[in-house]
Each structure stands twice: as structure tokens, then as C-alpha cells.
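# A look at the structure
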Amino acid sequence: MARWLNVENDLKTLIYQTTGFQEGDENFAICVQFAMTNIKYHRFLSVDSHKVTKSINGILEKFEIHSQLDKKDCLQRLCEQFLSTPCFEGRDTGKTDTHYSLLMLLLSIGENPTHATYIEKPKILKAPVVDDFDWGAYLREGEETFSTIYADSDSESDYDPLSDEETVVTVGSKAMEIPESQEVDSRISTILSDATTFHVEEEPDPRESGMTWLTRNVTVQYWCGQNRPEDPESMENLKKDWERYREATDPLYSNQNNITMSEIQLLREVLWILGGATDSFVFVLHGEEYIVRENIYVQHLTDNSLESYLSSFAKYGSCVQRLLRFEEESICGSYDLSITDSNRLTCQTYQAFANAISNFIKSLRKELTQLEKRIIKQEQTMTLAMLHGDLSPWLKKTEVVHSVYIRGVREAGWLVNNCQRASHLLSVLFETVVEYDTLGQNASDIVELLIPLWIQTTKPYIEVIDEWITNGNLVDPRSEFILKRNEGVKSLDESFWETAFTIHVPADSTLRDGIQKSQHTVTDNSQSKRGTQSVDKSYASSHWAPEFLEPVILEVVLAGKSMEMLQDLGKLADVCGVTREKSLYMSFLESLQALLGTRPHDDFTEESPPELSMYPEQIDRQMKIKGIYDPLLKINFMDVFHSCNVRLQGPIDEEDQDSKMLNVLETERLHPINLVLRQCLYPHITHKYSRVCTRLVQILKEEYHLMDYLAAMRHFFLMEAGDTMFDFYSPIFDKIRLNSHWRDISTVNLILQEALQAHYPEETSRLYVSLEDLPKDRRPINITDCIELHFKVPWPVDVVISSKCQAIYNQIFTFLLQVKRAKYCLDELRFCDLEKDILPHNHSGTEFSRHLDEDMPRKGRTHRMHVLRMRLTYFVNSLHNYIMTRILHSTGIEFKQDLGKAKDLDQIIAVHNKYVNTIHERCLLHKMVKLLKQAVMNVLNLILNFQALWDEGIQEISLKTIEGMEIEFSRCILFLSTFLNNVTKRGSFPHCKLKKKKKISYICPYCRQTHSANFCKCLNDTDV
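Nothing here was measured: the structure is a model prediction, and the numbers come from that model. (Residues numbered from 1 in each chain as written. Predicted model: local features only at pLDDT ≥ 70, side-chain atom pairs only at ≥ 80, totals over all residues. Heavy atoms only, no water.)

What follows is about helix H13 (residues 418-437). Along its 20 residues, H13 runs 28 Å from first to last C-alpha, staying within 8% of the 28 Å computed at 1.5 Å per residue. Extensive coverage of H13 is indicated by the burial of 17 of its 20 residues. (Helix = DSSP H or I, 4+ residues; strand = E, 2+ residues; numbered from the N terminus. Expected span 1.5 Å × (residues − 1). Buried < 20%, exposed > 50% of the residue type's maximum accessible area, 1.4 Å probe, protein only.)

Glancing now at the packing of helix H30 (residues 803-827) against helix H35 (residues 930-952). Where H30 contacts H35, the axes come no closer than 9 Å and their chain directions differ by 35°. In this structure, the crossing between H30 and H35 has a hand that is left-handed. Across the interface between the two elements, Phe-815, Gln-818, Val-819, Arg-821, Ala-822, Cys-825 and Leu-826 of H30 pack against Met-937, Leu-940, Ile-943, Leu-944, Phe-946 and Gln-947 of H35. Tallied by class, residues from the contact of H30 with H35 come to 10 nonpolar, two polar and one charged. (Axes fitted to C-alpha atoms, helices over the stretch in contact; angles between N-to-C directions. Left-handed = near helix turned anticlockwise from the far one by under 90°. Contact = heavy atoms within 4.5 Å. Nonpolar A, V, L, I, M, F, W, Y, C, P; charged D, E, K, R; others polar.)

Our next topic: helix H18 (residues 553-569). With 17 residues, H18 should reach 24 Å at 1.5 Å per residue; the first-to-last C-alpha distance of 24 Å fits that figure. Among the 17 residues of H18, 13 are classified as buried, and the element is accordingly described as predominantly covered.

Turning next to the nonpolar core. If you look at the biggest cluster of nonpolar residues, it comprises 208 residues, and the most contacted ones within it are Phe-353, Phe-728 and Ile-883. The leading source of residues in this core is helix H14 (residues 444-471), at 14 residues. Among residues more than four places away in sequence, those in contact with Phe-728 are Val-748, Ile-751, Leu-752, Ala-755, Val-769, Ile-787 and Phe-813. (Core = buried A, V, L, I, M, F, W, Y, C linked by side-chain atoms within 4.5 Å.)

This next bit is on the environment of Lys-701. Mapped onto the elements of the fold, Lys-701 is located in helix H26 (residues 682-702). Owing to a relative accessible area of 28%, Lys-701 belongs among the partly exposed residues under this scheme. Considering only alpha carbons, one finds Lys-701 and Val-797, 96 residues apart in sequence, at a separation of 9.4 Å. With near-sequence residues (within four places) excluded, Lys-701 lies in contact with Leu-706, Met-707 and Leu-899.

Further remarks concern the state of the cysteines. Enumeration over the complete set of coordinates arrives at zero disulfides. Distance from the sulfur of Cys-79, which forms no disulfide, to the nearest cysteine sulfur (Cys-74) is 9.1 Å. (Disulfide = S-S within 2.5 Å.)

Mapped onto the fold, Ser-730 is located in helix H28 (residues 722-737). Looking at Ser-730, its side chain comes within polar contact range of the main-chain oxygen of Phe-726, at 2.6 Å. (Polar contact = N/O pair within 3.5 Å; in protein donor to acceptor, adjacent residues only side chain to side chain.)

Moving on, we come to the packing of aromatic side chains. Scanning the model with the defined rule gives 22 aromatic pairs in all. Summarising the aromatic geometry, the rings of Tyr-461 and Phe-481 are spaced 5.5 Å apart at their centres and angled 50° between planes, so their arrangement reads as tilted. Of this pair, Tyr-461 sits in helix H14 while Phe-481 is found in the loop between H14 and strand E7 (483-485), placing the two residues 20 residues apart along the sequence. With respect to burial, Tyr-461 and Phe-481 carry one shared label: buried. Linked through ring pairs, Tyr-461, Trp-468, Phe-481, Phe-496 and Phe-501 together constitute an aromatic cluster. Across from the ring centre of Phe-281, 4.4 Å away, lies the NZ or CZ of Arg-293, which sits over that ring. (Phe/Tyr/Trp six-rings, centres within 6.5 Å; stacked < 30°, edge-to-face > 60°. Lys NZ or Arg CZ within 6 Å of the ring centre and 35° of its normal.)

Printed below as a string of C-alpha cells:
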């Protein structure tokens, strides 16, 4: 209660100060009641800094519109100063909630700020009090500092106490006093100086000539054969002692041609060759090798020690020289207009690798420049051993880069095209990164070098992929991508998907010739220690594609093909969209930064260049004249001419931006490189692949009715539309049975059109029949093999249903037509046709006598024909049901399920081809089951012969003919049962698997008994 009483008293005071009401007034009581209600029962949210900032920006913009720029500048400056002042909540930083609450309070109580008059009061700063009192002079007051100079003397008698007549040098505020009567002793040699001693510079002797001064101060021209003059007081006696020893032991020894140099000169020569200088006195360049000159000596080092150091530096200088020569060759080989073959020009991957090497050498030269500055100053001791220690990290990096160049470029000279060269280099770089990455912290500096080197080298390859899978254009001017566009295949060709792109892999003979030619080069190269074994190993392990892209190379190829097909369909905008996406390379770099993080780097955050002002200072001053200056007009002009500013400033160099992003990568947190690729590069490729291929499949299914065309192929070629195909083949079978002419293309097409018109009128313009020639040695069952169906499939559906697939469909159709004909022939048999009577005048004597010789009466032969018919009908019905249900229907269901799971066009083609080939194989059309098909064809041909005998009547059929047909049928059934049982046991044909209890049996035509799959003795003893 006391707390609320204190609050109420404070509120009354606030109301009185704000409104001026007295406590007895009615309005005063209303204000108190309103304030107490809000404090007790309302909850106020925390201040929103964004809203406060937005409100302040709005007021600033309003000041600018009303041409009150002084108020705008003052308010903006004061707000920034207030927010940056750390004075609330016990924090040492600004921009707290208290800051924004006070600003919100000021904004709330402010009324009409544009019409208020404001004059900023000048801030008076107190000048700091400077203590200019000379405390040093005050403390030294009355004291003097003397310095006495004594002469060197060997006896103690020369020492006398200091007297007024001796020479006294006063150092301090008083001048130096030397009596004129006394001369300074000439034996004075040194003066001990301290911080208060004045030194007088020596003036050059006027008698010394200019050449003498130059000779004494300029470096000895050792490159002209001049020797360094020996200093008698020098402590470097090792070389002199060694020379005396050699002169004493070897009377023929002479050191007249020897050149003695200082170690500083040698250090600078070493730095020069490591930086790529070719003209050196100490190191002589022979081809690509640096050789140390023999007659170079240093006074404090032996010959072996000096040679050891210089040879080591010469080796690394040779490595740098080879890298520089490769860089020069890459530049020269990139712009040779006389070369027309793209494989003879330097590929872009080599150029990117050369550019990465150039960046590395630039960094090396920066380090060498800093070391040379230290050597020139001579403020610190520097020797060859110390230089080797300071440069050991860089020398190791140089060796690693040089080894990558040798294995990736020099030893790949036997490769015949740019595709193999680029793939080999990228794979070698990737393998090197993986190799050093496995070493962990022991090779962190090498990994820090190799990661940017590898990423920069992959940039051209990734850009080719990006252009292909993003815009559908395979831009490969140097033929270094694994695929090339076959210009002979047009976009609207049905073989576009299979033959439009071919792999850049030459024949084996070309590779072998390249190996034989390169063996001599590799053997003669002094740097290669592998010889011909290296070439054979390179040939065996050469990659047809970059190793780091092998997990996603299939997605890249499929996405590129799909993009080009979408481009031909005019649907490229559905995938690309209106806004331009980031390139694949930049997305890769950003993902790397997000995964690995960045380290602070001074060079990465550079100040942006100042913007070019459209209004110079003079014009701005003139526009402030009353009646001319208009802030709104100035803002509009700045917006209009903003593009001019951007154009004058120039574009941002993407290459520099890429190198900066790579240089700040935190490689110490590097994950395994395969994991980095799976998280940073592969998702971007997979995302584009999924988007492009899914859209293409969707367009083919919805706009080009791919599923309807596949259904039509099943309806007509596989005879799933039974009623339509029955209307087509039944008239043809009837004509064949009646021996009437039917092989007329117009007649057959007319029958087909009539059958389609009843059930599928929309397919009449697409499906037609052609008749081919038949071989001379044909059998009755093969008479319908001349019928071929043709279905007009438009592009791009013909990419899936190609002419090759239609050929396989026609083979299946021919086989089904043979089965349908056999079944139709048995179904159309009539009992009256078998038992019809033959007129007497139509019987010859021979026929009549033959019938008389029959052992079995007519009724028995009729019964045997009926039984044989039932057996044949059972066989052909079983075969027909098996094909139509177990093969066509079941396989069709699997095909539809697999087709629904297909994500790209390549999977659709593969599923369709698998479906067609599976049916082709299960319909006994594969060459592996040729014997099985032959047995089935024998049974079907037997059925047609049986129909011909049935139509002639029982009077024309002998018992011997019936028994021959029964024996032939039994033998075929026995072979089929034995063959199918064997292959089923082996598991070769899972679809033919029978139940254990179900066995194939047959009836012997002689003993009339039922047998299993074993031969009957009657069949073995009978010669049919």
C-alpha cells in the first residue's frame, strides 16, 4: 500500500508539472484516475528498436522533403551520438533498450517537428590543462655535468688529479671550454660517449676522387670477375686457412679464377632464382635446370657445405622455372590462330591451373621480397641456413605444386585429346588433396595451399557443366568435357537421346601409339624417375572423367540432355525462370564458406572505392542559391544517373572475388574431402538434375501423352485390345483357310481401319500395316510373318518408342499372331466338317481301296481325331493363357509400377526397354531358347496340318496319319516338359516355375497309358 501511495504522489507531481492543474480541480482528479488505471492494470511491451529507427528515418526524410537539411543533419548526428554512448544498464556498449525508450518518448511528445524553430547551441569544450612546467630544469638547477678526456698512457705517473688547466668538456647548458695555451695530446684515440654527447660528422677528404669513393662504397662487381678485397681484421679465417692448406699440399693448385663473395650476395642471388629470375651469376640456367657455378667461394664456409646449400636452392629454383615455363606455354598456346584443331590448343583447365600457379608464385615472391628487404637493411643476422629454415614451408609448398604439375601435366603428354588431359589433371589434383588431407594437422599448410589450387583449376569444368545443365548449351571450345555434341544428329531425331552426345575417348590403338611415342620422352626426361612403368601405370589408371565428379556424372549428363530437349521443346523458361540464378561455381564457394567458415583476413575487407559524385562541389554550392537549390530534384537526378556511376566505376572482377573467397577459407576445420563434396557441390547438381528431369517427364506425360502412346503399343502390338485385334485377324485367318487371296496391302489396311473404327477411332491415322516378302522354305505357320504393324509416334515420344523398339514389338506381334491363328483354327473346327460324306462320283478307285484297307473303322478314327483335337486345344489354350496373363499382364503391371517411379527420361527409356526385352525373352524369341521355340512352332504347325486334315473329312484320314501326328505331338510335349523342368530347377526362368505337385504328363499313342516326363518304351522302339 505504501508503494502505491508513493506512485500516486509521483503521478500527482507529474500531472501538476505537465498540465498545471491544482489538486482541487475536477480535471486533476480525472488525470490521476486515468494514470493510476494505466499503471495498475496495463502491461506495456518492450520498445521495438526497428520501429523507432523507422520513425526517425521518416522524420529525416520529411526534413529533406521540406528542404530543412540543417535539421536533418543535426537530428541524424545527435541520434547517432546518443545511441553510441554507453551510459545505461551497466553496459559498455550503446543501443540498449533504455536508449530506444527515451527516443520513443521524445518522438511521442514531439508535435509538428517541421514547423518548429530549432537553432543548435554550440557545444563549448573545455580545453585540457597542459602542464608546461620544466620539471627537468627545475630538478637540475645548480648542477653541471662534466666529461673529461684522458690520454692513453702506459705509466701511472701520467695520471694527475683534475686541475683547472686541463681540458674540460662541459656537456649540458654550458659551453665547452678548452684553454688555448694547452694542445690536445695526439695520442687521444677514443671518446666514451653517452646520451648527452654531441657527435660531429666527418667530412670527406677533398683529395679523394669520385672513382675512389665509388670503389670504396659500391658493391664489388663479382659478376665481372672481381673479388671481394680481404679485410685484414676480418674474423672469417676458415676459407683462408683452407686455401693455405691446399696450396701447401698441392703444388699445382691455383685459386686465381676463384671468386670470393659475401654471404649477403649469395642470399640475394638465391632469392632471385626462387622468384623466377633466369639471369644469375651464381646459378646458370641450362634448359629447365639450374647448375651452381663451380668457382664460387665464401670465406667462412667449406666447399661441400656451400655446394650443399646452393644445390638445394637450385633444385627448388628449377621447380619454379618449370612452373613459370608451363604458365608461359599455357598463355601462348591459348591464342594461336594458326591452329584449327581444338585438341592442339591449351585446354581451359590447364589455363586455370596455370593461373592458380601464378597466384602461388605471386605469394612466394611477396615473401621473398620481404626477406630481401630484411637482408638489405642488415639489421638482423641472416645466413644460408637461416634462409633455408625461414623458407622451408614455402619450399615444401613449391615441391608439392611441382609434383602435381609433373604427374598431372608432364607425365600426361601421351594423352591424345584435351578431355583426357583435363580429366587426368583434375583427378591427380583431387588425389593429392585426399592424400594430404588424411595426414591431418601434419599437413594443414599444404591442404591450405591445395584446396584453393584445386578449386580454381576445376572452375572451367564446373562452368561448362553449369552452362549445360542451366541453359542447355554445351559450350566446350577446347573439347575438354567428357562428352561432345554429335552435329550429325539433329534435335528432332528419335536417336537424339542415345547418339546426340558421344564420349571423348579415342580408340585403344590410338592410345597405344601415344604410349609408344611418349616412352622415349619420359625415359629421356631427367626429372622423371618412373620411366616406361610410369606411362603404363598412367595408362592403366587414367580416368575417363574427373574423379571428384564420378559420383554425379550420370546426373550431369541426364540434366544436360534434358535441358537441351526442353530447349528444343520451347519449355526452357519453365525451368530457368525470369531471374538469373547464381552460377554453380559461386554456389559451391558459398557452400564451402558456410561449411568451413572463414578466418579474419585484412586483404578481404577492403574499402570500397568512393562513389563518383554527379554534383561537384562548385555546382553544389551554386545550387544552394535561393530559388535554384531543390533537394527533390537532386535526388531524382541521382537516381537517373546512377547507372552512369556504376558504368564509370567499372565491373567487379569476379576472379579477384573468387580468390579472396578461397583465401579466407578456414581449412583447419576441413572435413574429409569426400564429405565436403557431398555437402557443398553434389546437392547443387542434384537439385538442378531433379528439377530439370522432373519437369521434362511431366511435360512428356501431360502435354505429349506419353502414357497414351505406351498404352496404344500394348493394345495393338501385344494384343491387349482383344476385341479390336480379333476383328483384324479373323478375316485374314478365314481367307487363309479358304485359300483365297489376302496378301494385298490395301485389303489388309482396310480390315485394320474397320477394326479400329469401332473401338479406337482416334488411332486410325497412326496405325497401319505393311506386307513383307516371305522366305521360300516357309511352313504353314509362318505364312502370317509378312504382316508388320507400324505406329506413327511423334517427337519427342519417339525417343522412348523408337523404331528399334517397334521392331521388337513386331517380333512379339508375329509370335502372338501365330498362337492366335493356331487357337483360332482349333476353335473354328466343326464336327460336321469332319464327318461329312463324300459323293461316290468323287471317289477314285485308289481312294476307295485305301479306305477299305483301314484296320480301324471310321468311328474309331473319328474318336482318335476328337481326342487329338482336345489335346491340341488344351496345349494351345494353356500356352495362350500363359502368354496373355503370366507374361503380358503381369509384366505390364510391373512396367507401370516402375514407370511411376522413374524420375528422368533415361529411366523411362530403360524401364520401357527392359519391359519390351523381358516380353521378347519370355515369348521364346531369344536365341538362348531357340530349341524351345522350335518345339512350340512344331506343335503350332501340327495344329494347322490337323485343321487341313479335318477340313478334308474322315474319309481322307488314315490311321497311320493320325498316329504320326500323335507321336509327333507327344515327342514335342515330352521335350518341352523335360526342358522346362531342367531350366526351372536351375532357376534360369523364374516365370516358368511350376508347383511341386503339378507335373506335365502325356498319353502314349501306342499303349494308351499316361506317362510323366520320362520316355515311354513304345516311343523308343517305334520309328516314326
